[in-house]
Amino acid sequence: MPDGAVLFVCLGNICRSPMAEGALRAEAARAGLDLRIDSAGTADYHVGEAPDARAVRTARRHGVDISGLRGRQARAQDFHDFTHIFALDHSNLKGLQRIAPAAHGAHLGLLLDLVPGREGQAVADPWYGEEAGFEQTWAEVTAAARALVHQLQR
Ligand code: 4NP
């Protein structure tokens, strides 16, 4: 039995949530934590696609390869398959609440609720901006991944 099953959800599943997936894979491996980790989008625009090249380059600069990930859309069954579901922003959280089954046991919340001082905040969508925005995203998803590893280790 893994120590938990964690799903990250953004809009397209090609920028923010695959970076969060890569960051948690790296942090969990470092900590020796056995987690099932996946990511998804609330939209179906990029199903089957690799992460955005800027996201892949940014993760690679930090020693993490996310090039093999492929986009998929979040679904109701995810609430039964995962113990923790983290939305990257408020719109993604609303989208998840819309598809959630009436009864489920998963924790659903905003990713930055994990980070002291960032509660209630969104991970901004870097898609329309410069590559520097992806560095900001990486810093945020890494802070959240470290906080989650500490929480799950307790
Ligand atoms: P993500 O970024 O939600 O972090 O994967 C986006 C990717 C694609 C689009 C929007 C946001 N799009 O409109 O195609």
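For the structure, check the block above.
Peer 1: A description of the layout of surface pockets should follow, citing residues and the corresponding values.
Peer 2: Of the pockets and cavities examined, the largest pocket occupies roughly 160 Å³. Along its surface, the largest pocket is lined by C10, L11, G12, N13, I14, C15, R16, Y45, H46, D125, W127 and Y128. The residue makeup of the lining of the largest pocket, split by class, is seven nonpolar, three polar and two charged.

Peer 1: Tell me about the site of the ligand, and please be specific about residues and values.
Peer 2: Around the ligand sit C10, L11, G12, N13, I14, C15, R16, Y45, H46, D125, W127 and Y128, and those are all the residues in its vicinity. Residue L11 places a main-chain N or O atom 2.9 Å away from an oxygen atom belonging to the ligand. One of the backbone N or O atoms of N13 is found 3.2 Å from an oxygen atom in the ligand. Starting from 350 Å² of accessible surface for the ligand in isolation, the protein chains cover 92%. Assessed atom by atom at 2 Å from the grid points, the ligand resides in the largest pocket. Per-class residue counts for the shell around the ligand are seven nonpolar, three polar and two charged.

Cut-offs applied
- Residues numbered from 1 in each chain as written.
- Predicted model: local features only at pLDDT ≥ 70, side-chain atom pairs only at ≥ 80, totals over all residues.
- Heavy atoms only, no water.
- 1 Å grid on protein atoms, 1.4 Å probe; cavity = no way out; pocket = protein on both sides within 12 Å on 5 of 7 lines; lining within 4 Å.
- Points joined across faces, edges and corners; volume = space filled by probe spheres on them.
- Nonpolar A, V, L, I, M, F, W, Y, C, P; charged D, E, K, R; others polar.
- Near = heavy atom within 4 Å.
- Polar contact = N/O pair within 3.5 Å; in protein donor to acceptor, adjacent residues only side chain to side chain.
- Areas by Shrake-Rupley, 256 points an atom, 1.4 Å probe, with all protein chains shown as cover.
- Sits in = over half its atoms within 2 Å of the grid points.

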